[in-house]
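Structural features, examined
The residues making up each chain are set out below.
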Number of protein chains: 2
Amino acid sequence: MKKDLNITPLNTLSLVDKVEMRITQYIKDNNLSVGDTIPKELQFAEALGVSRTVIREALSRLRTIGIIDSKKHKGMVLSHPDFIQNFEKVIDTNLLEDETLKDIFELRLILEMGMVDVLFARKTKEDLKELEEIVDRMETNNSESTIFKLENEVAFHGKLYEMSGNKTLQRFQNLLLPVFQYVHEHKLPDAEPYKYSKKFTTHRELLNYLKEDDIKAFKKGLSNHLEPHLDRILEKSKS
Amino acid sequence: MKKDLNITPLNTLSLVDKVEMRITQYIKDNNLSVGDTIPKELQFAEALGVSRTVIREALSRLRTIGIIDSKKHKGMVLSHPDFIQNFEKVIDTNLLEDETLKDIFELRLILEMGMVDVLFARKTKEDLKELEEIVDRMETNNSESTIFKLENEVAFHGKLYEMSGNKTLQRFQNLLLPVFQYVHEHKLPDAEPYKYSKKFTTHRELLNYLKEDDIKAFKKGLSNHLEPHLDRILEKSKS
């Protein structure tokens with residue numbers, strides 16, 4: 001069964017694909033780093049024996065993903081790619097597959113449970129004050145609309161990510177937020193309410209564990225707090 | 001201090017940037033989904049009042065990040081973007097900033113600690129058998145070269161990700177692997193050996209907790225197993 005081989009057939013690689021790969025390989029092989037200039041279109045075209053149009057298309061792709069940048073008077077220069085930016089564009093259009101969306105939903109829960117050690121190592125008094133204000137707002141506005149509640153929910157969990165001090169993680173989570181919401185509303189079976197009649201760890205309790213520097217209680221509490229979401233995924237994966 | 005405002009100045013948006021944003025907005029506003037065709041170059045050019053060259057460049061970007069695909073006889077069709085692919089290209093060139101590299105190093109630890117619940121819910125007997133084979137290899141080849149040890153190390157942790165059943169997570173982790181290695185070797189201070197004279201949870205012990213279905217012991221053990229890495233980051237972030 002040739003079809004089962006998880007290998008990319010040669011003929012799906014276009015000339016532009018190949019040129020793109022050659023250029024990134026060139027960057028690596030020559031240990032070029034940020035700020036270095038790379039050869040001009042014409043030079044690449046001659047060295048690779050292809051038309052300038054093909055080279056232009058390949059370079060344009062590398063520009064799109066942020067690896068190269070065109071500077072006036074300097075030509076093409078290597079630059080720091082933005083790790084998150086292309087994700088943003090991809091997620092934004094609602095074109096991802098259902099299976100990927102569910103994976104991402106799960107990924108967010110995984111990140112939140114996994115970041116507790118970093119969170120405890122880096123939290124500051126100012127962070128806790130801000131978090132407390134969010135929890136206060138949540139409790140006084142308990143009777144407000146669902147949208148308002150959701151905003152506070154997002155503020156609380158967003159603050160936890162911010163407190164982790166990991167900017168890539170924080171941007172990644174911001175990015176996952178709309179996916180989370182979307183999957184939450186459309187793609188997963190509802191949580192079964194009868195299963196959750198037992199008491200759940202509240203935002204106030206999580207805050208208190210942070211203030212008391214009780215990492216063990218916080219880990220347990222967070223796991224409990226996120227359990228309904230996790231159960232929905234795991235139910236789904238069994239069926 | 002205008003410079004402190006975290007806002008993108010208008011003049012950094014090129015005409016192509018603006019056209020790209022208009023087209024993605026068009027896709028969203030019209031609720032287009034995978035398989036739908038989008039208007040031709042010329043139609044976009046006329047509707048937006050810009051040249052076909054500008055439209056072509058913007059469409060080429062969207063093709064690069066996987067949102068559109070050109071099909072014979074059908075024109076341009078919306079497609080499922082590959083969530084991970086552009087990451088791969090970006091990481092591959094070693095152009096990321098040090099700060100981002102360190103964030104990613106940390107992110108991998110966070111993912112591994114966070115995925116334990118999913119791992120326990122989905123692990124199968126076949127998984128455990130395979131993991132045991134890896135651990136056996138590790139123990140018999142204890143005297144082998146560092147590279148060999150590293151291979152087994154990667155095999156063990158890679159298997160854990162595979163067992164999570166989350167394909168996006170798994171691909172993401174594969175992708176982070178070279179970064180992890182790079183940061184491990186070049187960007188962080190060495191772990192201080194004297195601090196780690198106490199006994200660490202071994203791969204064999206982690207395997208046994210999985211076999212005994214003891215999630216609590218596994219979580220504690222994994223945390224202990226990853227502690228030297230985590231300590232290095234947190235040391236660094238204090239200084």
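Details of the structure are given in the entry above.
Below: a short report on this structure.

Rules used in this analysis
Residues numbered from 1 in each chain as written. Chains lettered and ligands numbered in written order. Predicted model: local features only at pLDDT ≥ 70, side-chain atom pairs only at ≥ 80, totals over all residues. Heavy atoms only, no water. Helix = DSSP H or I, 4+ residues; strand = E, 2+ residues; numbered from the N terminus. Contact = heavy atoms within 4.5 Å. Areas by Shrake-Rupley, 256 points an atom, 1.4 Å probe, with all protein chains shown as cover. Buried < 20%, exposed > 50% of the residue type's maximum accessible area, 1.4 Å probe, protein only. Arc of directions from axis to C-beta. Salt bridge = Lys/Arg side-chain N within 4 Å of Asp/Glu carboxyl O. Polar contact = N/O pair within 3.5 Å; in protein donor to acceptor, adjacent residues only side chain to side chain. Least-squares fit on C-alpha atoms with pLDDT ≥ 70 in both. Expected span 1.5 Å × (residues − 1). Phe/Tyr/Trp six-rings, centres within 6.5 Å; stacked < 30°, edge-to-face > 60°. Axes fitted to C-alpha atoms, helices over the stretch in contact; angles between N-to-C directions. Left-handed = near helix turned anticlockwise from the far one by under 90°. Nonpolar A, V, L, I, M, F, W, Y, C, P; charged D, E, K, R; others polar. Pairing = 2+ DSSP bridges.

Attention now moves to the overall build of chain A. Scanning chain A from N- to C-terminus turns up eleven helices and two strands. Seen in sequence order, chain A has helices and strands lined up from the N terminus as α-α-α-β-β-α-α-α-α-α-α-α-α. The long-range share in chain A, meaning contacts at least 24 apart out of those at least 6 apart in sequence, stands at 71%. Accessible surface computed for chain A: about 13300 Å², of which carbon and sulfur atoms make up 51%.

What follows deals with helix α2 (residues 41–48) of chain A. Residue and element names in this part refer to chain A. Those residues of α2 that sit buried are Glu-41, Phe-44 and Ala-45. Within α2, the buried residues cover an arc of 100° as seen down the axis, which keeps them to one side. In α2, the exposed positions that point more than 90 degrees away from the buried face belong to Glu-46 and Ala-47. Those residues of α2 hidden inside the fold are in contact with α1 (15–29), α3 (52–64) and β2 (75–78).

The next thing to look at is the interface of chain A and chain B. Listed by partner, the interface residues are 55 residues for chain A and 55 residues for chain B. Viewed at the interface, chain B and chain A are joined by two salt bridges. Here Glu-106 of chain B ties to Arg-122 of chain A by a salt bridge, and the two come within 2.7 Å at their closest N and O atoms. One can count eleven residue pairs in polar contact (both at pLDDT 80 or more) joining chain A with chain B. Where the side of chain A that touches chain B is concerned, the elements lending two or more residues are α1, α3, α4 (85–92), α5 (98–114), α6 (116–122), α9 (167–186) and α11 (215–238) of chain A.

For the pair chain A and chain B, the best superposition has an RMSD of 0.1 Å and corresponds to a rotation of 180° with a translation of 0.0 Å parallel to the axis. These values place the two chain copies in the arrangement generated by a two-fold rotation axis. The C-alpha atom lying nearest the rotation axis in chain A is that of Gly-114 of chain A; the distance is 1.8 Å. Taken together, the interface assignments show that 100% of the residues at the interface of chain A recur at the interface of chain B, consistent with an identical surface on both copies.

To continue, consider helix α5 (residues 98–114) of chain B. Side chains that are three or four residues apart share a direction in an α-helix, a result of its 3.6 residues per turn. With 17 residues, α5 of chain B should reach 24 Å at 1.5 Å per residue; the first-to-last C-alpha distance of 24 Å fits that figure. Of all 17 residues making up α5 of chain B, 15 are buried, and the element is well covered by its neighbours.

Right, let's talk about the packing of aromatic side chains for a bit. Taken as a whole, this structure holds five aromatic pairs over all chains when the rule is applied. Judged by centre distance (5.7 Å) and plane angle (85°), the ring pair of Tyr-26 of chain A and Phe-44 of chain A falls under edge-to-face. Taken together, the positions of Tyr-26 of chain A in helix α1 and Phe-44 of chain A in helix α2 put the pair 18 residues apart, joining distant regions of the chain. Ring geometry for Phe-172 of chain A against Phe-172 of chain B: centres 5.3 Å apart, planes inclined by 5°, an arrangement best described as stacked. Residue Phe-172 of chain A is located in helix α9, and its partner Phe-172 of chain B is located in helix α9 (residues 167–186); the two belong to separate chains. Both residues of the pair, Phe-172 of chain A and Phe-172 of chain B, count as buried.

Before going further, it helps to examine the side chain of Ser-164 of chain A. All names here are of chain A. One can find Ser-164 in the loop between α8 (146–163) and α9. For Ser-164, a relative accessible area of 0% translates into the label buried. One polar contact links the side chain of Ser-164 to the main-chain carbonyl oxygen of Tyr-161, over a distance of 2.6 Å.

Turning our eyes to something else, we now look at the packing of α2 of chain A against α3 of chain A. Residue and element names in this part refer to chain A. Where α2 meets α3, the closest approach of the two axes is 9 Å, and the angle between their N-to-C directions is 115°. Every pair of crossing elements has a handedness; the one defined by α2 and α3 is right-handed. Across the interface between the two elements, Glu-41, Leu-42, Phe-44, Ala-45 and Leu-48 of α2 pack against Arg-52, Ile-55, Arg-56 and Leu-59 of α3. Of the residues contributing to the contact of α2 with α3, the split by class is six nonpolar, no polar and three charged.

Residues and elements named next belong to chain A. Taken together, the four bridges between strand β1 (residues 68–71) and β2 define a ladder with antiparallel strand orientation. Residue Asp-69 lies in a different strand from β2, and its bridge partner there is Val-77. Following β1, the chain reverses through three residues before pairing antiparallel with β2; His-73 in that reversal takes a positive phi of roughly 65°.

The next point concerns unusual backbone geometry. Among all residues save glycine, negative phi is the norm, and among peptide bonds the norm is trans. For Asp-213 of chain A, which is not glycine, the phi dihedral falls at a positive 55°. Position of Asp-213 of chain A among the secondary structure elements: in the loop between α10 (203–211) and α11. Phi is positive for His-73 of chain B, close to 65°, though the residue is something other than glycine. Looking at the element boundaries, His-73 of chain B is found in the loop between β1 (68–71) and β2 (75–78).

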